[in-house]
2 protein chains.
Amino acid sequence: MSAIERPGFSTQLPKGVQLYLPDEAARKRHVEGRLLEVFRLWGFREVITPSYEYFDVLAVGTDEALQERMFKLVDRETGRMLALRADITPQLARIAATRLRDRPKPLRLAYVTNVFRYEEPRVGRHREFYQAGVELIGLPKPEADTEMIAMAIEGFRALGLDRFQIDVGQVEFFRGILETLAPDGATARALREALRRKDAAELERLVGALGPPPATGDLLLALPSLYGRAEVLERAAKLVNNPRSERALENLVEIHRLLTAYGLVEHIILDLGEVRGFDYYSGVAFEGYVAGLGAELCGGGRYDHLLGRFGPPCPATGFAFDVDRLLLALEAQGVEVPVRGPEVFIIDFTEDKTAALALSRRLRGLGLAVARDIISRGLEESIAYAREIRAGRVLVIGAPGAAAGTARVLDLATGRETVWTLAELLARPERLIEPLPAAGGVRA
Amino acid sequence: MSAIERPGFSTQLPKGVQLYLPDEAARKRHVEGRLLEVFRLWGFREVITPSYEYFDVLAVGTDEALQERMFKLVDRETGRMLALRADITPQLARIAATRLRDRPKPLRLAYVTNVFRYEEPRVGRHREFYQAGVELIGLPKPEADTEMIAMAIEGFRALGLDRFQIDVGQVEFFRGILETLAPDGATARALREALRRKDAAELERLVGALGPPPATGDLLLALPSLYGRAEVLERAAKLVNNPRSERALENLVEIHRLLTAYGLVEHIILDLGEVRGFDYYSGVAFEGYVAGLGAELCGGGRYDHLLGRFGPPCPATGFAFDVDRLLLALEAQGVEVPVRGPEVFIIDFTEDKTAALALSRRLRGLGLAVARDIISRGLEESIAYAREIRAGRVLVIGAPGAAAGTARVLDLATGRETVWTLAELLARPERLIEPLPAAGGVRA
């Protein structure tokens, strides 16, 4: 059945996909370009991974929840299941553990790409969405995690965002408590869920039912309040009562010290009750927020056991920005992203286009974008079109009534205009982007 | 079953996908960046389309051969078939005919993205591959097709490729002959196939079997030789004997005239026997080649009837580069693409990293990429690592035996080195990228 027969059918898009028209695409490219530049300045180099792979290979690096949300298809050649990538980190972990396993460490890898997840579309998050991130592979030290957090902050700054904050947790802190309690799977999940929602009442109920040693119970109940500035570390130190959580806390203390040395501590909120993030996280984990948007804009953490699933064990840490949410944040904070059309739009009424062609070539040689009007319509209509495409200036050659060999230049922003000869323009095309003479400056 | 149990399993990639490691990814981004800049200079603005859509919607704009080669999957929510995009032009045609239908024309749209086709991998062509292209929508005139061909040439030039050639055909020329002959479907396909292979013997056999009027037979048999410079137009004019082919020839004559005015005719080969390309082509169609690579690197043409499948009819023309083939062509022609690591690599043996951090910040502020060695190893090993990541210079702070507060600077390209105080470097970090003093220039 032809789609033509069903009005509107041929324009339908599946839920959760996005179309970026020119202005929005320009903003997206601006954001991605700025982030790639931050990544480059910190010595990270881009890697491009396949959009789809064998599902069972991708599954090695992902948890079941993510596996369920993957877009899957059958490889018609092998009959094996393929899946669209839902997370870049496991792909890069595998590449680091296999193709790059003999390269000296650390590896500093970056990416800017789309990922695919079957999820209910929500704030700035679609089923196909764009991430820009880095992986720092081969370093167990807190300096490496600090570098990730510093780069996240640099990313916000490079985009002109302010009032941002990084929530830093340590997944091993809670795991140490869980290990002490050794609850059944359902209770562990309920505890995690209560912490995720910072639901103190439910947490109290669960602790009551578990009946742990009082010190452990106190620590568990304190978790939602172990959130804030440096004093969190002191409070936690008084409560902590198992070696695994102690090591986690020491690690967080060291990262906090380094962030202070970086001069970044004002942006840091410590959160020992943080239990979100991928199950492959194995140490510090963080999320970035900005004022004006109620969802995290970046997230990451240490994953020391992921590479070992594909090859020799190797410590690693990384993080990624959510590009669409950054676009929303820029809007929310009123940060203007320059969105421009061509610098010059040429309307040529003459038959012989030689002058227009020569001038276009000269202007492009200067790095100026030039579009030509190749359509028959009135001058006013052409000028309206130039405005629509956000052109800077309009050059009118051979308009009815104009002197032969002259061209009228109109600045669409100021409304100023002037007339030059084509010979003048060809001799020095730069004048087309210099400020125009004020009113009355029209030359004979 | 865990992939770990099967050695090598967890590293398998499906046939036809690609992984770009840092050097290759840098080359790809360089190529895409140059092409996007050419597109911008001609007034084209990027659009980003969804990677997948409903199959029946994509099918409206594509021929059956391409539909068969699409990656398909079932939308778990609606049960409808989804497909990964196999061609960007039909997506943009639909967007132009629907979302952008009321925008004043012409639309100048660009894209740089991946497409997916089930094909046997061949020279520079994978199942997921990258295209950079433009669509010029709303213009029926030959000037628009000329703009496409001129931009293809500009693209080759911007990449530093030379010895390139654009083969320009006109699909209506052959269709005019077919219309006269009115052969059955199988014969039409056989004729097309014989022309594609420039198989004169088979063509003669088919013409013999058809028994057309002698003038039409002569024209058909001449098609494979209607290939070359301007004289092709004269030869064709003597042979042409149906109105549809005549109109096609007039159109090609006009485009050839315009290409001469653009000063580009030296790169043009006319090919009236060209029958390749998408079935949606409706006029001039072209392919670009460079010396050193036996496959087309770009292709495009006019498609005046595609938008009408989605909305009101609207003329259009466009073309796309194949990014992977351009990468092969650069290699074949020995064009070097700059592939760099960080400008500065800092090896810091001191405990207090304040100086290294401050210097890194200053250098990044100057736009210089700085990576830090956060690993404990010998100096020589660290320097070998710096070479591996293609760093420009190494800065060694607090090496065993070095005076406190000094840093040694080593240029990895020249082997020159010098010593500065950290205070000197912090006062003027630019000196880190200025030429180093010649041998003997080591300061006290």
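Each value, and the rule that gives it
- Residues numbered from 1 in each chain as written.
- Chains lettered and ligands numbered in written order.
- Predicted model: local features only at pLDDT ≥ 70, side-chain atom pairs only at ≥ 80, totals over all residues.
- Heavy atoms only, no water.
- Salt bridge = Lys/Arg side-chain N within 4 Å of Asp/Glu carboxyl O.
- Helix = DSSP H or I, 4+ residues; strand = E, 2+ residues; numbered from the N terminus.
- Buried < 20%, exposed > 50% of the residue type's maximum accessible area, 1.4 Å probe, protein only.
- 1 Å grid on protein atoms, 1.4 Å probe; cavity = no way out; pocket = protein on both sides within 12 Å on 5 of 7 lines; lining within 4 Å.
- Points joined across faces, edges and corners; volume = space filled by probe spheres on them.
- Nonpolar A, V, L, I, M, F, W, Y, C, P; charged D, E, K, R; others polar.
- Contact = heavy atoms within 4.5 Å.
- Polar contact = N/O pair within 3.5 Å; in protein donor to acceptor, adjacent residues only side chain to side chain.
- Pairing = 2+ DSSP bridges.
- Axes fitted to C-alpha atoms, helices over the stretch in contact; angles between N-to-C directions.
- Buried area = accessible area lost by both parts, 1.4 Å probe.
- Least-squares fit on C-alpha atoms with pLDDT ≥ 70 in both.
- Arc of directions from axis to C-beta.
- Phe/Tyr/Trp six-rings, centres within 6.5 Å; stacked < 30°, edge-to-face > 60°.
- Parallel < 35°, antiparallel > 145°, perpendicular 65-115°, else oblique.

S.K.: Explain the pattern of salt bridges to me, and be specific about the residues and the numbers.
M.R.: All names here are of chain A. Summed over all chains, the structure comprises 76 salt bridges over all chains. For R69, the salt bridge is made with E119, and the minimal N-O distance between the two is 2.1 Å. Of this pair, R69 sits in the loop between α3 (64-68) and β3 (72-74) while E119 is found in the loop between β5 (107-116) and β6 (128-137), placing the two residues 50 residues apart along the sequence. Take R69: its relative accessible area is 26%, and that puts it in the partly exposed class.

S.K.: Run through empty space enclosed by the protein, naming residues and quoting values.
M.R.: All names here are of chain A. On inspection of all chains with the given rule, the structure shows one cavity of 30 Å³ or more. What lines the largest cavity is simply L58, T62, M70, R85, A86, D87 and P90. Partitioned by chemical class, the residues of the lining of the largest cavity number four nonpolar, one polar and two charged.

S.K.: Tell me about the environment of B:E154, and please be specific about residues and values.
M.R.: Residues and elements named next belong to chain B. Structurally, E154 is set in helix α5 (residues 142-158). Look at E154 and you get partly exposed, because its relative accessible area is 25%. Excluding residues within four positions of it along the chain, E154 makes contact with V38 and W42. In this structure the side chain of E154 is engaged in a polar contact, spanning 3.2 Å, whose partner is the side chain of R157.

S.K.: Pulling in residues and values, what's your account of the sheet that holds strand β6 (residues 128-137) of chain B?
M.R.: Residues and elements named next belong to chain B. The sheet built from nine strands is open, its strands ordered β1-β5-β6-β12-β11-β10-β7-β9-β8 with mixed pairing. Among the strands making up the open sheet, the edge pair consists of β1 (45-46) and β8 (227-228). Two strands pair when backbone bridges link them, and strand β10 (residues 284-290) and strand β11 (residues 298-302) are joined in this way by four bridges, in the antiparallel orientation. Bridging across to β11, F286 finds its partner in G300. Contacts between helix α1 (residues 22-41) and the sheet are confined to β1, β5 (107-116), β6 and β12 (316-322), with β6 contributing the most and set at about 5° to the helix.

S.K.: Let's hear about the interface of chain B and chain A: which residues, and what values?
M.R.: Reports often express the size of an interface as the amount of accessible area lost when the parts come together. With 104 residues of chain B in contact, the opposing surface of chain A contributes 104 residues. At the boundary of chain B with chain A, total buried surface from both sides reaches about 8900 Å², with 56% on carbon and sulfur atoms. Counting across the interface, chain B meets chain A through twelve salt bridges. We note a salt bridge from A:R29 to B:E46, for which the minimum N-O separation is 2.5 Å. Applying the counting rule to chain B against chain A returns 42 residue pairs in polar contact (both at pLDDT 80 or more). If you tally residues by element for the side of chain B that touches chain A, the top one is α1(B), at nine residues. Partitioned by chemical class, the residues of the side of chain B that touches chain A number 53 nonpolar, 13 polar and 38 charged.

S.K.: Can you break down the relation of the copies chain B and chain A residue by residue, with the values?
M.R.: You can overlay chain B on chain A at an RMSD of 0.0 Å; the transform is a turn of 180° with a shift of 0.0 Å along its axis. Classification of the inter-copy transformation places it as that of a two-fold axis. In terms of C-alpha distance to the rotation axis, chain B has B:L73 as its closest residue, with the C-alpha 2.6 Å off the axis. Counting the interface residues of chain B, we find that 100% of their copies in chain A are interface residues as well, pointing to one common contact surface.

S.K.: Let's hear about helix α14 (residues 379-388) of chain B: which residues, and what values?
M.R.: The periodicity of an α-helix, 3.6 residues per turn, causes residues three or four places apart in sequence to face the same way. Among the residues making up α14(B), those that are buried are B:L379, B:S382, B:I383, B:Y385 and B:A386. Across the axial projection of α14(B), the buried residues extend over an arc of 155°, all falling on one side. Opposite the buried face of α14(B), at more than 90 degrees from it, the exposed residues are B:E380 and B:E381. Buried positions along α14(B) lie against β5 of chain A together with β13 (344-348), β15 (393-397) and β16 (406-411) of chain B. Once α14(B) ends, the next one or two residues include B:R390, with phi positive near 65°.

S.K.: Got a sec to walk through unusual backbone geometry? Specific residues and values, please.
M.R.: For the bond running from A:K105 to A:P106, omega is 0°, close enough to zero to count as cis. Looking at the secondary structure, you find A:P106 in the loop between α4 (88-97) and β5. In this structure, A:K198 is a non-glycine residue whose phi angle is positive, near 50°. Of the residues examined, A:K198 reaches a relative accessible area of 37% and is grouped as partly exposed. The residue B:R390 is not glycine, and still its phi comes out positive at about 65°. Within the secondary structure, B:R390 is located in the loop between α14 and β15.

S.K.: Describe in detail helix α12 (residues 323-332) of chain B, supporting the description with residues and values.
M.R.: All names here are of chain B. Judged by how many residues are buried, α12 sits mostly within the fold: seven of ten residues are covered. The complete set of buried residues in α12 reads V323, D324, R325, L326, L327, A329 and L330. Those residues of α12 that are buried are in contact with α1, β6, α5, β10 and β12. One or two residues past the end of α12 sits G334, with phi positive at roughly 65°.

S.K.: Can you explain the packing of aromatic side chains? Please cite residues and give values.
M.R.: Residues and elements named next belong to chain A. Applying the stated criterion across every chain, the model contains 24 aromatic pairs over all chains. Ring geometry for F71 versus Y118: centroids 4.1 Å apart, planes at 20°, classification stacked. You can see F71 sitting in the loop between α3 and β3 and its partner Y118 sitting in the loop between β5 and β6, a full 47 residues away along the chain. You can call F71 buried: its relative accessible area is 1%. When the centroid spacing of 5.3 Å and the interplanar angle of 75° are considered together, the rings of F319 and F321 count as edge-to-face.

S.K.: Before we move on, could you go through the sheet that holds β15(B) and cite the residues and values that matter?
M.R.: Residue and element names in this part refer to chain B. One open sheet accounts for five strands, arranged β14-β13-β15-β16-β17; its pairing is mixed. Looking along the sheet, the strands with just one partner apiece sit at the ends: β14 (370-372) and β17 (417-421). Going across the sheet, the axis of each strand differs from the next one's by a mean of 25°, ignoring polarity. One ladder, built from five bridges, connects β16 with β17; its direction is antiparallel. Across the sheet, residue R408 finds its bridge partner in β17, namely V419. Sitting on the sheet, helix α13 (residues 354-365) touches β13, β14 and β15, and the angle it makes with β14 is about 160°.

S.K.: Would you mind going over the packing of α1(B) against α12(B) in detail, with residue names and values included?
M.R.: Residues and elements named next belong to chain B. Direction vectors running N to C along α1 and α12 enclose 105°, while the axes themselves pass 10 Å from each other. The orientation of α1 relative to α12 falls into the category roughly perpendicular. Here E24, R27, K28, V31, E32 and L35 of α1 come into contact with α12, specifically with V323, L326, L327 and L330. Classifying every residue of the contact of α1 with α12 gives six nonpolar, no polar and four charged.

None of this, on its own, says anything about what the molecule does.
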